[in-house]
Amino acid sequence: MSYRHVVGPRTFVFSDLAELMAKASPPRSGDRLAGLAAGSAEECVAARWCLAAVPLPEILARPLIPYEADDVTRLILDGHDAAAFARIAHLTVGDFREFLLTASTETLSRIAPGVTPEIAAAVSKIMRNQDLILVARKARVVTRLRNTIGLPGTLAVRLQPNHPSDDPAGITAAILDGLSYGCGDACIGINPASDSVQGLTGLLHLLAELIDRFAIPTQGCVLTHVTTTLEAMNRGVPVDLVFQSIAGTQAANASFGVTLSVLKEAQEAALALRRGTLGDNVMYFETGQGSALSADAHHGIDQQTLEARAYAVARAFRPLLVNTVVGFIGPEYLYDGKEIIRAGLEDHFCGKLMGVPLGVDVCYTNHAEADQDDMDTLLTLLGAAGVTYIMGVPGADDVMLNYQSTSFHDQLYLREVMGLKRAPEFAEWLARIGLTDAGGALLPGGGAPLLAASPGLAA
Amino acid sequence: MSPEDGWRRLAALTPARIALGRAGAGLPTREVLRFGLAHAQARDAVHLPLGVEAVRAGIAALGFGTLTAASAAPDRTTYLRRPDFGRRLDEASTAALTQAAGEPVDLALVVADGLSARAVHEGAVPLLSALKPALTGSGWRLAPVVVATQARVALGDAVGALLRARAVAVLIGERPGLSSPDSLGVYLTFDPRPGRTDAERNCLSNVRAAGLTPDLAAFKLHWLIDQALTRRLTGVALKDESDRLLAGPAATGMIEA
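Values in this document were obtained by computation on a predicted structure and should not be read as measured data.

With respect to the UniProt feature "binding site: substrate" (unreviewed entry) in chain A
All names here are of chain A. With numbering matched to this structure, UniProt assigns "binding site: substrate" (unreviewed entry) to R158, L159, Q160, N191, E286 and D361. Residue position: R158 is located in strand β5 (residues 156-159). Residue R158 is classed as buried on the basis of its 27 C-beta neighbours within 10 Å. Among all residues touching R158, those that are not within four sequence positions of it are A186, C187, G189, Y389, M391 and G392.

Structure follows, in structure tokens:
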């Protein structure tokens with residue numbers, strides 16, 4: 001079915017929903033690279049006019065990627081909650097935007113299981129940045145393993161202590177530095193340079209021993225391929241959180257070497273270890289716009305819609321943490337600070353609307369037209385939007401992955417400006433060991449309690 | 001021991017930016033400026049145009065013939081947005097390389113700006129200089145070295161095919177990190193032709209004075225070329241086992257030679 005919109009003497013025709021969604025997308029280099037972007041600014045807005053008039057049930061009835069051809073489409077449709085959808089089934093995309101602006105937190109959480117990624121993506125395309133912030137702020141998603149993440153008024157931080165050669169002393173030094181700034185409640189998560197099971201085993205033991213020694217109410221994670229983590233679990237290595245990069249199409253997931261059944265198997269293995277004390281959210285996923293196009297697995301669908309489909313994959317496994325790595329992929333997908341900022345807000349909004357605990361790796365590479373000022377802007381906007389967590393990278397400079405993310409200092413900035421607290425169990429721990437006062441402010445003394453408990457390294 | 005001493009010791013354990021201190025929630029001024037300088041150097045490395053004539057002269061001085069080529073990306077902005085353009089030759093270069101092609105050769109070498117012209121300015125001649133004796137000793141037939149601009153790795157496939165080369169080695173500026181704006185990558189592809197994938201290449205990364213040194217990189221590259229031409233393949237089926245040679249006393253002699 002085609003869509004039309006008349007502007008003065010011109011009639012814009014869009015051959016199907018996929019073309020309409022792509023052309024309605026705010027401009028970005030990845031959609032241009034794929035040949036999917038609107039040909040003019042006017043065509044882009046004409047597409048938004050058309051999209052605003054599309055009834056939500058029509059989006060449900062017209063899968064962008066056929067049910068038979070793609071297991072992510074099957075996951076979305078087979079798991080769709082018709083009762084939750086009933087509350088919004090009478091709305092067009094345009095009506096839905098207005099519904100969201102007025103909806104309460106309770107309403108948003110009730111409709112979340114009825115919101116498909118295509119519906120979330122469609123409405124995001126006709127929303128301004130302020131709409132994305134306002135609605136996301138109301139949508140709360142709370143998850144638990146050894147602490148409570150996502151409560152209103154809180155912001156968690158993944159402590160990311162990477163080292164170019166996985167040196168245990170170097171990683172430990174970065175962890176101690178991060179803890180001294182009060183980072184690490186989302187998790188302490190290492191991207192390893194080596195993907196061997198032996199390397200993974202050493203790092204997982206390092207994390208488990210450090211978390212035990214200080215009795216930190218948090219979880220460790222080594223971000224390696226899910227099959228490697230499965231192998232480690234089979235060998236009895238302590239695994240708190242299972243990590244995997246995921247995407248929004250079956251073919252893109254296949255390019256990552258992942259299937260839905262492997263994810264299920266890993267989730268069950270991690271649940272069987274019973275390492276959670278407060279809850280059983282044992283999965284951690286990363287995503288990012290452009291990954292399907294990069295794997296030549298995009299089916300002619302725009303990159304923002306495919307990103308939202310990745311959250312449908314995540315949602316099926318009740319994750320503790322999900323984050324978009326928004327500026328990592330490079331300027332051929334998101335060209336500059338403006339495109340990265342928009343994508344970060346879209347990803348966060350779509351995830352939260354679908355009931356996924358979305359954090360954002362606010363980041364960029366050196367060949368993108370972006371800098372620290374752009375990251376400050378996105379970080380501040382996400383703080384206002386109630387982002388679940390951000391990254392804490394020493395000095396914002398990841399010396400293993402060669403990109404710039406947010407720093408231990410950046411999270412202090414955001415807490416001070418927005419009045420955001422840490423996960424409550426983690427905050428109590430920081431106060432108990434003397435790193436913060438009862439209000440969560442860092443005490444002077446430069447992390448001395450951590451140094452005193454780490455004589456082997458610091459002396 | 002004071003906390004300051006303790007953090008100094010920890011900072012020595014990692015290149016990561018730890019123990020920076022703070023001014024309230026912010027960084028001390030010196031750290032803001034240090035970061036700014038590193039980012040500026042990385043940005044400049046991306047946008048600095050390749051000094052084609054100087055690079056050509058340096059390579060010619062080593063005794064190599066040289067040619068130039070340009071990708072279909074007319075400028076840096078297009079290059080960054082359209083990686084597909086950077087993988088194709090422009091029409092003039094296609095014609096010139098077709099014209100220049102002679103009898104089949106064993107190896108074509110491409111020196112490409114990639115994402116860091118600085119890496120090429122500082123690293124290409126030292127690497128080729130270290131490689132030259134081994135190339136001469138092997139008796140391989142060589143095409144002239146092609147200096148290519150606005151180039152991605154896969155541009156070497158088109159160059160290698162036009163020059164009728166059995167293998168192509170592309171020396172290319174890597175995406176600059178904050179602490180490594182000068183890092184050169186080397187990609188070797190057997191039977192180059194457009195459409196080859198990255199899984200069909202072997203790669204040496206982080207070639208620079210403070211990383212994989214030119215001498216060691218040349219040793220590894222020569223080993224890989226020899227294996228590729230003998231076994232008639234590159235990519236995932238060819239693992240870099242040159243370290244085994246390095247481990248023995250004979251290997252030390254090979255490097256010094």
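Okay, back to it.
Focus: the packing of helix α11 (residues 168-180) of chain A against helix α12 (residues 197-214) of chain A
All names here are of chain A. Two elements in contact, α11 and α12, have axes whose closest approach is 11 Å; the angle formed by their N-to-C orientations is 35°. Our pair here, α11 against α12, has a crossing hand that is right-handed. Counting all contacts with α11, which are made through P168, I171, T172 and I175, the residues of α12 involved are G202, L206 and L210. The class makeup of the residues in the contact of α11 with α12 is five nonpolar, two polar and no charged.

Quick word on the pairing of strand β4 (residues 165-173) of chain B
Residue and element names in this part refer to chain B. Counting buried residues along β4, eight of its nine residues qualify, which places the element largely inside the surrounding structure. Examined bridge by bridge, strand β2 (residues 105-112) and β4 share seven bridges and lie parallel to one another. Directly across from A112, in β4, lies its bridge partner I172. Bridge count between β4 and strand β5 (residues 184-190): seven bridges; the pairing is antiparallel. Paired with G173 across the two strands is L184, which belongs to β5.

Here's the deal with the interface of chain B and chain A
Counting residues at the interface gives 34 residues for chain B and 35 residues for chain A. Residue assignment for the side of chain B that touches chain A shows that the elements contributing at least two residues are α1 (3-11), α2 (29-47) and α4 (76-81) of chain B. For the side of chain B that touches chain A, the element with the most residues is α2(B), which contributes six residues. Residues that form the side of chain B that touches chain A fall into these classes: 20 nonpolar, six polar and eight charged.

A short note on the sheet that holds strand β11 (residues 358-361) of chain A
Residues and elements named next belong to chain A. One open sheet accounts for four strands, arranged β8-β9-β10-β11; its pairing is parallel. Edge strands, defined here as strands with exactly one partner in the open sheet, are β8 (242-245) and β11. Neighbour-to-neighbour, the strand axes of the sheet open up by a mean angle of 20°, direction not taken into account. Of the pairings in the sheet, the one linking strand β10 (residues 321-325) to β11 comprises four bridges and is parallel in character. By the bridge assignment, N323 is partnered in β11 with G359.

Brief notes about the sheet that holds strand β12 (residues 389-392) of chain A
Residues and elements named next belong to chain A. Sheet architecture is open: four strands sit in the order β7-β6-β5-β12, paired in parallel fashion. This sheet does not close on itself; its edge strands, each paired only once, are β7 (220-222) and β12. Averaged over all pairs of adjacent strands, the angle between their axes in this sheet comes to 30°, without regard to strand direction. When strand β6 (residues 187-190) meets β7, the two strands line up parallel, connected through three bridges. Paired with I188 across the strands is G220, a residue of β7. Relative to β7, α12 is tilted by about 165°, and along the sheet it contacts β6 and β7.

Reading guide: rules and limits
- Residues numbered from 1 in each chain as written.
- Chains lettered and ligands numbered in written order.
- Predicted model: local features only at pLDDT ≥ 70, side-chain atom pairs only at ≥ 80, totals over all residues.
- UniProt positions renumbered as here; feature names shortened; annotations may be inferred.
- Helix = DSSP H or I, 4+ residues; strand = E, 2+ residues; numbered from the N terminus.
- Buried ≥ 20, exposed ≤ 12 C-beta atoms within 10 Å, placed from the backbone.
- Contact = placed C-beta atoms within 7 Å.
- Axes fitted to C-alpha atoms, helices over the stretch in contact; angles between N-to-C directions.
- Left-handed = near helix turned anticlockwise from the far one by under 90°.
- Nonpolar A, V, L, I, M, F, W, Y, C, P; charged D, E, K, R; others polar.
- Pairing = 2+ DSSP bridges.

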